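Results of the structural survey
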Amino acid sequence: MRKKILIFYVLAGIFLVGFFAVGLSVTYAVILGTVYDRVSNFQDSDYARDIAVEKGLNPNVYVVGSVWDSLGNSGYTDIVKYSSTGAVVASVSSGFFPESVALNPSDNSIYVIGGENNITPGTIKKYDSSLNLIAATTTKPITGGGACDGRHDINGVAVDSTGIYVVGRYKRFTPPSPCGASNEDFRLIKFNLALTQQTGDYMYDSGNTQEGASAVAVDALQNAYIAGDKYNVSYLDWVVGKMNSVGVFTEMEVYGGSPFGDVPRDITVDPASGYIYAVGENDISSGSISARLVQYSSSTLVSVWATSTQPFGISSQSGGTGVAVDKFGSVYISGGAYVSGSPGWVQKFTSFGKLLFTNPFGNMCAKSVAVDDNNNFYMAGQTASACDSGGSDYRTVKISSRCNGTSTLPGYTIPWTDNPIISNQTKIKEVHMRELRSWTNDRRVDAGMTSSTWSDNLIVPNQTKIKATHFDEVRTAISQAYSTCGRNIDPNIGGPNVTIRGAHLEELRKYILSIPEFPS
Amino acid sequence: MIGSVLILLGIIFFIYQNNKGVTFPRGASTEEKVSVIREKGTMEDCALVRGVMVNGTDYETVCRNNVAYQLALKTLDPKYCKGLDNKLVSVEQCESEILLKKINTGADIAVCGGASVQGAEIYCRDVYRLREAIQKGDEALCDTIEDIGSRAPCRERVAIEGLVKNPSGADCSRFSGSLTRDCRNFKNALNGGDRNACTIITNDRLRSECINSFSKN
């Protein structure tokens, strides 16, 4: 027999009026707070390029980049692990110039790649979570390549349970020696997780003489999504495509046409939805750079939407540098300006492309962005008045983001049991109260609050009487969350010994879903 | 009597601690212990993690590799690379990295003789010849590079330095592939005062030089 909630009070109505009277704001509330802001000065020119974050409640982050002294020498500390509070847990010198990092969440090992320079091959190194070097290897010319093959410029790395994926630009010169005109293609090399074996080596040549890959992301089926560019007569085209597990490449978008070109810088996959996101620079012509963010469908392999953004106006000349997706499917992009004095920034978008907020970082170029599972995002880059200028330091910032979680996502729903509650028809059950409690605490955590405790924590069907206290607690708890998010609501709990109606439960559901805005 | 015994025990404990060489935070994981040894310890300290396997990897080997590699990096002496296991981390890769840095600090080609692996020695000599070619601005020196595949990149690097020194006098058709484009964008940026042209330069040296030229202005 279903448990029917025993009613001990009636909602007085004032509670509901209190909720509704405040209006129907469409502004997406968000409360951003700096958890830590670290500047590390290792040498004369310190240039953080990429960041990776662990899973879990108190995740560490790993920042990699390039460090030079005034003579151009390397060999200084350039990989740093920060704790969840910003303390330096470990740091090490990689011995090369790291460009990109990927983290294997199963053991928190990291893979760092980069280092190619002129006649120096690309380097791939694996470190454990304490930054001990576990294994190392270098890129080799392709099997069967000619003696004139040049060095492989590697730019991006991704990891899954089967191995790591490294992409870049493979340059071949025409034999015989002294080696003439060159041809450049996308190249993807796959290694096993131990880095002891190269397990795949794939090229993509569209027919253009100049193509190169900048970044890679991988889905659950070992498909690699690659962002890069190709030279089209007199300008660069933006190229994003999928390379399947046997090396067949499918172009998903070729975008271009502006005087200088359009270039993607980073790419990621949302494992939950399967959407792919690429970010970069577009319309690179005199005085008009902007950041471009594109969502692609993994099923149709075409773009779903694209948006261009210039957070600080056209004069800032800002391009997109990094992209990450949180557990709710929201998208974060980082960017930096090429004009002195304009800030770096992180923006958050819904999976529908709606801008939720912009967070500026003064005197810096944001080179990469990452998110954790606890509503925090991270930005790594260089302290500099403009992107890519010298004399900078590593800067890593962790920002907490409250009240901007699921509830601001268009179309987001909570899978309530018996939805909707129908008056005089739906019996109020234990599961309804359990869900209210659970989702109320979810909203509180999203607002940066602790979970609420409940009397009769375990409501047992046919045993536990649902009392006014239970409803009071949920109302108070969600009211506190609204207050934290900047909306004051008087819970105005009614007195005991009155009858709860289905509408009352419905109202609570709406408010729990809608926070930080009021239900429409 | 008891006091003497306690003092003696204290001395024994002190000696024991010092003999251990390194001390670890309470509850340190194997990875954290190796991290401490890497920073403050010696090869002998790696015995403290003997027989410990983490994710299928022998951590005494990891420890030895890290101590050897960091020693090589700090001293720029390739002899320490021979302390590597040559499986997880190859001696050749280590020697190549160390000798590259050595050459970049201005060392003579004679340092290449310090390599124990032929591949690293050849690479070292080639890096030296690249440096000579760049410093003298002489592309012909690139043809003395032993690795044929490195000759064209060498010539391009020499040309890049020529471009940086004298943008207006550079002939972009001498470059190949994306460097031709980079060269044109570099010249366009500097000649036209258009910083944006710098942003799509793919060559790190040219891109950095291009953007920095605007930062200085």
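Sequence order sets the numbering: in each chain, residues are counted from 1 along the sequence as written. Chain labels run from A onward and ligand labels from 1 onward, assigned in the order the entries are written. Under the rules for a predicted model, residues below a pLDDT of 70 receive no local features and side-chain atom pairs below 80 are neither given nor counted, while totals for whole chains, interfaces and linings still include all residues. Processing note: side-chain calculations cover all non-hydrogen atoms of the structure and skip hydrogens and water entirely.

Examining the overall build of chain B
In plain terms, the rule: Under the scheme used here, helices are H or I runs from DSSP no shorter than 4 residues and strands are E runs no shorter than 2 residues, and both carry numbers assigned from the N terminus. A simple rule labels every residue: compare its accessible area, found with a 1.4 Å probe on the protein chains alone, to the largest value its type can have, and call it buried under 20%, exposed over 50%, or partly exposed in between. The contact criterion used is simple: two residues touch if any of their non-hydrogen atoms lie within 4.5 Å. For the accessible areas, the method is Shrake-Rupley and the probe is 1.4 Å, while residue cover comes only from the protein chains on display.
A count of helices and strands for chain B gives 9 helices and 2 strands. In sequence order, chain B lays out its α and β elements as α-α-β-β-α-α-α-α-α-α-α. For chain B, with 217 residues in total, the buried portion stands at 50%. Of all intrachain contacts in chain B linking residues separated by at least 6 positions in sequence, the fraction that spans at least 24 positions is 32%. Total accessible area computed for chain B in this model is approximately 10,400 Å², and 52% of it derives from carbon and sulfur atoms.

Structural notes on the interface of chain A and chain B
Operational definition: As used here, buried area is the combined drop in accessible area, with a 1.4 Å probe, of two parts when they are placed together. Throughout this description, the term salt bridge denotes a Lys or Arg side-chain nitrogen within 4 Å of a carboxyl oxygen of Asp or Glu. Nitrogen and oxygen atoms within 3.5 Å of one another constitute a polar contact, given that in protein one can donate a hydrogen and the other can accept it, and given that sequence-neighbouring residues count only through two side-chain atoms. Amino acids are sorted into nonpolar (Ala, Val, Leu, Ile, Met, Phe, Trp, Tyr, Cys and Pro), charged (Asp, Glu, Lys and Arg) and polar (every other residue, Gly among them).
Taken together, the contact pairs 67 residues of chain A with 59 residues of chain B. In this assembly, chain A packs against chain B so that about 4,600 Å² is buried in total across both faces, 49% of it on carbon and sulfur atoms. Connecting chain A to chain B are 2 salt bridges. Of the charged contacts, one joins B:Glu156 and A:Lys171 as a salt bridge, the two residues approaching to 2.9 Å between their closest N and O atoms. Linking chain A with chain B are 18 residue pairs in polar contact (both at pLDDT 80 or more), by the criterion used here. Elements that contribute at least two residues to the side of chain A that touches chain B include exactly strand S5 (88–92), strand S8 (123–127), strand S9 (133–138), strand S10 (149–160), strand S11 (163–173), strand S12 (182–191), strand S15 (224–232) and strand S18 (263–269) of chain A. With 6 residues, the top contributor of residues to the side of chain A that touches chain B is S9(A). In the side of chain A that touches chain B, the residues fall into 25 nonpolar, 27 polar and 15 charged.

Points about the pattern of salt bridges
This model, assessed by the stated rule, comprises 32 salt bridges over all chains. Taking the shortest distance from any N to any O, the salt bridge between A:Lys230 and A:Glu251 comes out at 3.1 Å. One end of the pair, A:Lys230, is in strand S15; the other, A:Glu251, is in strand S17 (residues 249–255), with 21 residues separating them in the sequence. Judged by its relative accessible area of 31%, A:Glu251 falls in the partly exposed class. For B:Arg50, the salt bridge is made with B:Glu60, and the minimal N-O distance between the two is 3.0 Å. You can see B:Arg50 sitting in the loop between helix H2 (30–40) and strand S1 (53–54) and its partner B:Glu60 sitting in helix H3 (residues 59–75), a full 10 residues away along the chain. Its relative accessible area of 11% is what places B:Glu60 among the buried residues.

A short note on the nonpolar core
Stated formally: We call a set of buried Ala, Val, Leu, Ile, Met, Phe, Trp, Tyr and Cys residues a nonpolar core when their side-chain atoms join them within 4.5 Å.
Core analysis: the biggest nonpolar cluster contains 40 residues, and A:Ile79, A:Ile110, A:Val112, A:Tyr127, A:Leu131 and B:Leu84 have the highest contact counts within it. The set of elements that each furnish at least two residues to this core consists of strand S3 (61–68), S5, strand S6 (98–104), strand S7 (109–114) and S9 of chain A together with H2, H3 and helix H4 (91–104) of chain B. The greatest single-element share of this core, amounting to 8 residues, is contributed by H3(B). Excluding its chain neighbours within four sequence positions, the residues that come into contact with A:Ile110 are A:Tyr62, A:Ile79, A:Val101, A:Ala102, A:Leu103, A:Lys125, A:Lys126, A:Tyr127 and A:Leu131.

A few points about H4(B)
Selection rule: Each residue after the first adds 1.5 Å to the expected span of a helix.
Taking 1.5 Å as the rise per residue, H4(B) with 14 residues should run 20 Å; its terminal C-alpha atoms sit 20 Å apart, in good agreement. With respect to burial, H4(B) is a largely interior element, 11 of its 14 residues being buried. Within H4(B) the residues assigned to the buried category are B:Val91, B:Gln93, B:Cys94, B:Glu95, B:Ser96, B:Glu97, B:Ile98, B:Leu99, B:Leu100, B:Lys101 and B:Ile103. Buried residues belonging to H4(B) abut S8 and S9 of chain A together with H3 and helix H5 (118–136) of chain B. Positioned one or two residues after H4(B), B:Gly106 has a phi angle of 105°, which is positive.

Quick notes on H5(B)
All names here are of chain B. Counted at 1.5 Å a residue, the expected span for H5 with its 19 residues is 27 Å, and the 27 Å between its end C-alpha atoms agrees. Among all positions of H5, only Ala120, Tyr123, Cys124, Asp126, Val127, Tyr128, Arg129, Leu130, Arg131, Glu132, Ala133 and Ile134 are buried. Contacts made by the buried residues of H5 are with H4 and helix H6 (151–165).

Structural notes on the packing of aromatic side chains
All names here are of chain A. Inclusion rule: Two rings belonging to Phe, Tyr or Trp (six-membered ring only in the last case) form a pair when the distance between their centres is within 6.5 Å. Interplanar angles under 30 degrees mark stacking, angles over 60 mark edge-to-face geometry, and anything in between is tilted. Note on geometry: a ring has a charge over it if NZ (lysine) or CZ (arginine) is within 6 Å of the ring centre and within 35 degrees of the ring normal.
Summed over the entire model, instances satisfying the criterion amount to 11 aromatic pairs over all chains. With 6.5 Å between their ring centres and 80° between their planes, Trp238 and Tyr255 make a pair best called edge-to-face. Note that Trp238 is positioned in strand S16 (residues 235–243) and Tyr255 in strand S17, a separation of 17 residues in sequence. Classification of Trp238 by relative accessible area gives buried; the value is 0%. A network of ring pairs unites the aromatic residues Phe186, Tyr204 and Phe249 as a single cluster. Sitting above the plane of the Tyr47 ring, Arg49 keeps its charged end 4.9 Å from the centroid. For the cation-ring pair, Arg292 lies above Tyr255, with the distance from its terminal atom to the ring centre recorded as 3.4 Å.

Focus on the pairing of S3(A)
Residues and elements named next belong to chain A. This is how it is decided: If DSSP finds at least two bridges between two strands, the strands pair.
Summarising burial for S3: 7 of the 8 residues are buried, a large majority. Relative to S3, strand S2 (residues 45–53) runs antiparallel, the two being bridged by 8 bridges. Across the sheet, residue Val53 finds its bridge partner in S3, namely Val61. Here 4 bridges tie S3 to strand S4 (residues 79–82), and the two strands are oriented antiparallel to one another. Bridged to Val63 within S4 is Val80.

Focus: the sheet that holds S8(A)
The strands making up a sheet associate through hydrogen bonds between their backbones, and the pairing can be parallel or antiparallel. All names here are of chain A. For clarity, the threshold we go by: Between N-to-C directions, angles cover 0 to 180 degrees, with each direction set by a line fitted to C-alpha atoms, over the stretch in contact for helices.
Overall, antiparallel pairing links the 4 strands, which are arranged S6-S7-S8-S9 in an open sheet. In the strand order of this sheet, the two ends are held by S6 and S9, each with one partner. For this sheet the average axis-to-axis angle between neighbouring strands, irrespective of direction, equals 15°. When S8 meets S9, the two strands line up antiparallel, connected through 5 bridges. Paired with Thr123 across the strands is Thr138, a residue of S9.

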